[in-house]
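Close look at the chain arrangement
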Amino acid sequence: MARQSHTPSRRAMLAGIAAAPVAGLPAIAGVVAEADPIFAAFAQLERAKAANKTVTEAVDELRGETWEAIEAAGLDPRVTISCRKLEERRELNFYSDEDYAAGLAKLEGAPVKIQKMLLRLDEAEDTDAEATEAEKDSECALYDTPPTTRAGALWLLRHIADFLDEDDVVNDNWVGDMIGDSIRNAIAALEREALS
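These notes cover the structure that comes with them. Computed from a predicted structure; not experimentally measured.

The rules behind each value
- Residues numbered from 1 in each chain as written.
- Predicted model: local features only at pLDDT ≥ 70, side-chain atom pairs only at ≥ 80, totals over all residues.
- Heavy atoms only, no water.
- Phe/Tyr/Trp six-rings, centres within 6.5 Å; stacked < 30°, edge-to-face > 60°.
- Helix = DSSP H or I, 4+ residues; strand = E, 2+ residues; numbered from the N terminus.
- Buried < 20%, exposed > 50% of the residue type's maximum accessible area, 1.4 Å probe, protein only.
- Lys NZ or Arg CZ within 6 Å of the ring centre and 35° of its normal.
- Expected span 1.5 Å × (residues − 1).
- Patch = residues over 30% accessible without salt bridge, like charges linked within 9 Å, V, L, I, M, F, W, Y side chains within 5 Å.
- Areas by Shrake-Rupley, 256 points an atom, 1.4 Å probe, with all protein chains shown as cover.
- Salt bridge = Lys/Arg side-chain N within 4 Å of Asp/Glu carboxyl O.
- Lys, Arg positive; Asp, Glu negative; His and termini not counted.
- Charge placed at Lys NZ, Arg CZ, Asp CG, Glu CD.
- Contact = heavy atoms within 4.5 Å.
- Core = buried A, V, L, I, M, F, W, Y, C linked by side-chain atoms within 4.5 Å.

A look at the packing of aromatic side chains
- As enumerated under the stated definition, the model contains three aromatic pairs in all.
- Centre to centre, the rings of Y143 and F163 are 6.2 Å apart; their planes meet at 55°, and the pair counts as tilted. Of this pair, Y143 sits in helix α6 (residues 112-144) while F163 sits in helix α7 (residues 150-165), and the two are 20 residues apart along the sequence.
- Accessibility expressed as a relative area gives 32% for Y143, which makes it partly exposed.
- Grouped by ring-pair contacts, the aromatic residues F39, F42 and W155 constitute a single cluster.
- Sitting above the plane of the Y100 ring, R90 keeps its charged end 3.8 Å from the centroid.

Focus on α7
- In this model α7 runs 23 Å from its N-terminal to its C-terminal C-alpha over 16 residues, within 8% of the 22 Å that 1.5 Å per residue would give.
- Those residues of α7 that sit buried are A151, G152, L154, W155, L156, R158, H159, A161 and L164.

Focus: a negative patch on the surface
- A cluster of acidic residues, E61, E65, E68 and E71, forms a negative patch on the protein surface.
- Its relative accessible area of 54% is what places E68 among the exposed residues.

A few points about the side chain of D128
- When you line up the elements, D128 lands in helix α6.
- With no salt bridge to any partner, buried D128 finds its closest opposite charge in R63, at an N-O distance of 5.1 Å.
- Not counting the four nearest positions on each side in its chain, D128 is found in contact with N52, V55, T56 and V59.

Description of the nonpolar core
- Core analysis: the biggest nonpolar cluster contains eight residues, these being I38, F39, A41, F42, L45, L142, W155 and L156.
- At the level of elements, α3 (37-72) and α7 are the ones that each hand at least two residues to this core.
- The element best represented in this core is α3, accounting for five residues.
- In this structure, I70, L107, I114 and M117 belong to the second largest nonpolar core, which totals seven residues.

As for the pattern of salt bridges
- With the rule as written, the count across this model stands at 11 salt bridges.
- A salt bridge links R84 to E88, with the nearest nitrogen and oxygen atoms 3.3 Å apart. Placement of both R84 and E88 in helix α4 (residues 83-91) is noted, with a separation of four residues, approximately one turn of the helix.
- Taking relative accessible area as the criterion, R84 reaches 29% and is therefore assigned partly exposed.
- A relative accessible area of 34% means that E88 is categorised as partly exposed.
- One continuous salt-bridge network, built from bridges that share partners, spans D60, R63, K85, D122 and E125.

The following block contains the structure:
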């Protein structure tokens, strides 16, 4: 039988899209992104991850600068913390009243520049915590979003398989790899069926 050249069917196109890397999805003229909310949820998660990474890197840099400034002032960065941190640790019973008073005395004796840096670091760490929470919320939203297309369902299965293969996701890495591979085998069968 002679092979016919033809325009791929929508089913075949969607199967091919599901196999393509996620980064390539926006290039398909928004067809998939508009057709299935799972892709919009994933895009939101990627934005949240990028924002969280940016904030975390900035906080780490500020933490390093603060540590260096504390050392340069002749203080011990391991015990020179903000008033807010002192209060938090006392409330959690990590510090006794005496430890708290001693920490306050050290903080009050620190240069104003150091005190301001510690306050700025506290605010940055709050932003970091919010960014981490936003990423977690976006991840929950992704897994709460039911796919509405075959391409979305196949993509979600592949994403879950990749997630299971990451280190420390499940207690037994062999089981994680096995489950991920099983999901990929099921996806391959569905893709073959879609192309036939």
